[in-house]
Amino acid sequence: MTLEKSVGFGGANQSVDVLALKKLINQCIGFLKPRGPVVENGFCDTETIDAIKDFQLRIVKISVPDGRVDPGGKTWTVLIETVASTLPAPLFTSNPNEVSTRRTTPSSQEVVSMLLLSWTALGANGARTLAAQFMAETASGRFCFNWNLGNVKSGPDDTHMYLHNVWECDTDAGALAQVAKSGGLAHVATAEEIKQRGWNCTNAVVVFQPPHAQCRFRAYASLADGAQKWLGHHKSIALKNPGFLPSLNTGDTAAVAHALKLAGYYTAPEADYAKGMAAQKKKIDAELGPIR
Amino acid sequence: MRKLVPAIVLLAAASCSEQKPAAPKEFSVAVQGEAYGLRFENGLLNFCDGRGGRKVDLKTAQDSPSERVCPKPSEANTACSGLPLDVTVRSPAAEANDIVDIGGTSFPLKGRVHDCAADGKKLIVVTASQAVLIDAAKDVSQELSPQGGDRAAVGARWAAWTEGARVRLAPLHPD
């Protein structure tokens, strides 16, 4: 599926492109409830522009949507990914514990509500702070599949799904050995692939594809189900670090980032992690309004 | 002079009785093909490789054939699942390294978990770039090797992991 020229506010609006875009928007209209489907024709009207803006605001997470889709642009890329996530994904094995991989992007409100229900020690501000951590880790929930909140890996005996392009750094010889043992499910990344994906290894990059065990992740039935493991770990951190829960409840994202760093939760630079969390917290506060 | 002889004998005897047995040292044994099914049993490390069943005597470091039946290699434990410890392996998006979570403490690794085994509160993990021993009781980890591996086992006193064409064995420090 391609878009020849831009569609929407100020776009070229070639009828063939407008029709293609409207069809794609309708394929993922379920994510834009209560909005109904747009009329599928080649005219770019206010309904089309409103639908694009709604998609940009709610799915692409653009705070000031421009109502325009450019070929290869961010809105177009996310639209294609979102449509793909609505299609039934193939299964890779006959293991009855495998389920189809589907994107499950919760809203901030959903995460906050779930946190308040699942961890009674959290106040409203604490739930928002923890939701901000989740949103920062998953690019506003876009990298969340089958409600697996922390990208938890799975054995074959648990309910699981497969994700593509799991990568690992290795020596040149080690990478070749891994590929040789993979049964065709791994390859050594090319220089072009490494550049395109932004992978950073000193030597070789090994890339695994389903159903390699490195691509197997836990799949959960609901947000609340998936949150149990993730929250359980956070509760354990709170037991070991008495300052963690108060930091969450006062909305001190820098202190929370510091506590998580001390617990070894992430490997990114602390300043970057804290900055990401603070930005998400601000966004959530703006979205949900003042705490009552 | 006659009185001295028993004294010397006594001194020698005392010296002998105070001598501690030599502390076990790390060693390795060569394997043929892929080594798998590593497990510690009754003072031995048992495993399978291209030759069939093998046993390594942990006191003498002698490697010899065993009667063990070796089926095809089973899948390695890349998710640290089904262990006596509650362990979670996470793969943060856009990163090349896994993180092991145990009871509120996380242990970032270099690489993906290739295999994982536990004994009590001790966990051994091998990736493409290291072998790591995690002591969940003490919340500490120790890099056993900066080389990668594919299979691992841990017992009360020893850890073992594959490294290229060898199985390496390291004694664990007593608690």
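All values derive from a computational prediction rather than experimental measurement.

## Overview of the packing of helix H2 (residues 46-60) of chain A against helix H3 (residues 74-86) of chain A
Any two packed helices are characterised by the angle at which their axes cross and by the distance between the axes.
Residues and elements named next belong to chain A.
Right, so step 1: Orientation of H2 relative to H3, taken along the N-to-C sense of each, is 75°, at an axis distance of 11 Å. When the axes of H2 and H3 are compared, the pair comes out roughly perpendicular. In this structure, H2 contributes Phe55, Gln56, Ile59 and Val60 to the contact, and H3 contributes Lys74, Thr75, Val78, Leu79 and Thr82.
Right, so step 2: Taken together, the residues that form the contact of H2 with H3 break down as five nonpolar, three polar and one charged.

## Some details on the interface of chain A and chain B
Right, so step 1: Opposite the 29 residues of chain A that make contact, chain B presents 32 residues.
Right, so step 2: When the two sides are added together, the surface that chain A and chain B hide from each other amounts to roughly 2,500 Å², 47% of it contributed by carbon and sulfur.
Right, so step 3: Broken down residue by residue, the surface that chain A buries against chain B is led by Lys153, Trp167 and Lys240 of chain A, which jointly contribute 22%.
Right, so step 4: Between Glu75 of chain B and Arg216 of chain A there is a salt bridge; the shortest N-O distance is 2.8 Å.
Right, so step 5: Counting across the interface, chain A meets chain B through 19 residue pairs in polar contact (both at pLDDT 80 or more).
Right, so step 6: For the side of chain A that touches chain B, the class distribution of residues is eleven nonpolar, ten polar and eight charged.

## Brief notes about the pattern of salt bridges
Residues and elements named next belong to chain B.
Right, so step 1: Scanning all chains against the criterion turns up 19 salt bridges over all chains.
Right, so step 2: A salt bridge links Arg51 to Asp49, with the nearest nitrogen and oxygen atoms 2.7 Å apart.
Right, so step 3: The class for Asp49 is buried, based on a relative accessible area of 5%.
Right, so step 4: What emerges from the salt-bridge pattern is a single network uniting Asp49, Arg51, Arg54 and Asp63.

## Some points on the sheet that holds strand S12 (residues 140-145) of chain B
All names here are of chain B.
Right, so step 1: An order of S9-S10-S11-S12 is seen for the four strands of this open sheet, with the pairing classed as antiparallel. Each edge of the open sheet carries a strand with a single partner, namely strand S9 (115-119) and S12. Averaged over all pairs of adjacent strands, the angle between their axes in this sheet comes to 20°, without regard to strand direction.
Right, so step 2: Both strand S10 (residues 122-126) and strand S11 (residues 131-135) contribute to a ladder of five bridges, which runs antiparallel. Each bridged residue has a counterpart across the sheet, and for Val125 the counterpart in S11 is Val132.

## A look at the environment of Thr162 of chain B
Residue and element names in this part refer to chain B.
Right, so step 1: Checked against the element boundaries, Thr162 lands in strand S14 (residues 158-163).
Right, so step 2: As for Thr162 and Val125, which are separated by 37 residues in sequence, their C-alpha atoms are 11 Å apart.
Right, so step 3: Not counting residues within four places of it along the chain, the set of residues in contact with Thr162 comprises Ala35, Leu38, Gly148, Gly149, Asp150, Arg151 and Val167.
Right, so step 4: Engagement of the side chain of Thr162 in a polar contact is seen with the backbone nitrogen of Asp150, the distance being 3.0 Å.

## A look at the state of the cysteines
Residue and element names in this part refer to chain A.
Right, so step 1: Across all of its chains, the model carries three disulfides over all chains by this definition.
Right, so step 2: Disulfide pairing is shown between Cys169 and Cys201; the S-S distance is 1.9 Å. Disulfide Cys169-Cys201: torsion about the S-S bond near -75°, hence left-handed. On the criterion of sequence distance, the pair formed by Cys169 in strand S4 (residues 166-170) and Cys201 in the loop between helix H7 (191-197) and strand S6 (204-208) is long-range, its members being 32 residues apart.

## Side note on H2 of chain A
An α-helical turn contains 3.6 residues, so a residue and the one three or four places further along point in the same direction.
Residue and element names in this part refer to chain A.
Right, so step 1: Along its 15 residues, H2 runs 20 Å from first to last C-alpha, staying within 8% of the 21 Å computed at 1.5 Å per residue.
Right, so step 2: Buried within H2 are the following residues: Thr48, Ile49, Ala51, Ile52, Asp54, Phe55, Gln56, Ile59 and Val60.
Right, so step 3: Tucked inside the fold, the buried residues of H2 contact strand S1 (7-8), helix H1 (15-27), strand S2 (68-69) and H3.
Right, so step 4: Positive backbone phi, at 65°, marks Lys61, one or two positions downstream of H2.

What counts, and where the lines are drawn
- Residues numbered from 1 in each chain as written.
- Chains lettered and ligands numbered in written order.
- Predicted model: local features only at pLDDT ≥ 70, side-chain atom pairs only at ≥ 80, totals over all residues.
- Heavy atoms only, no water.
- Axes fitted to C-alpha atoms, helices over the stretch in contact; angles between N-to-C directions.
- Helix = DSSP H or I, 4+ residues; strand = E, 2+ residues; numbered from the N terminus.
- Parallel < 35°, antiparallel > 145°, perpendicular 65-115°, else oblique.
- Contact = heavy atoms within 4.5 Å.
- Nonpolar A, V, L, I, M, F, W, Y, C, P; charged D, E, K, R; others polar.
- Buried area = accessible area lost by both parts, 1.4 Å probe.
- Salt bridge = Lys/Arg side-chain N within 4 Å of Asp/Glu carboxyl O.
- Polar contact = N/O pair within 3.5 Å; in protein donor to acceptor, adjacent residues only side chain to side chain.
- Buried < 20%, exposed > 50% of the residue type's maximum accessible area, 1.4 Å probe, protein only.
- Pairing = 2+ DSSP bridges.
- Disulfide = S-S within 2.5 Å.
- Expected span 1.5 Å × (residues − 1).

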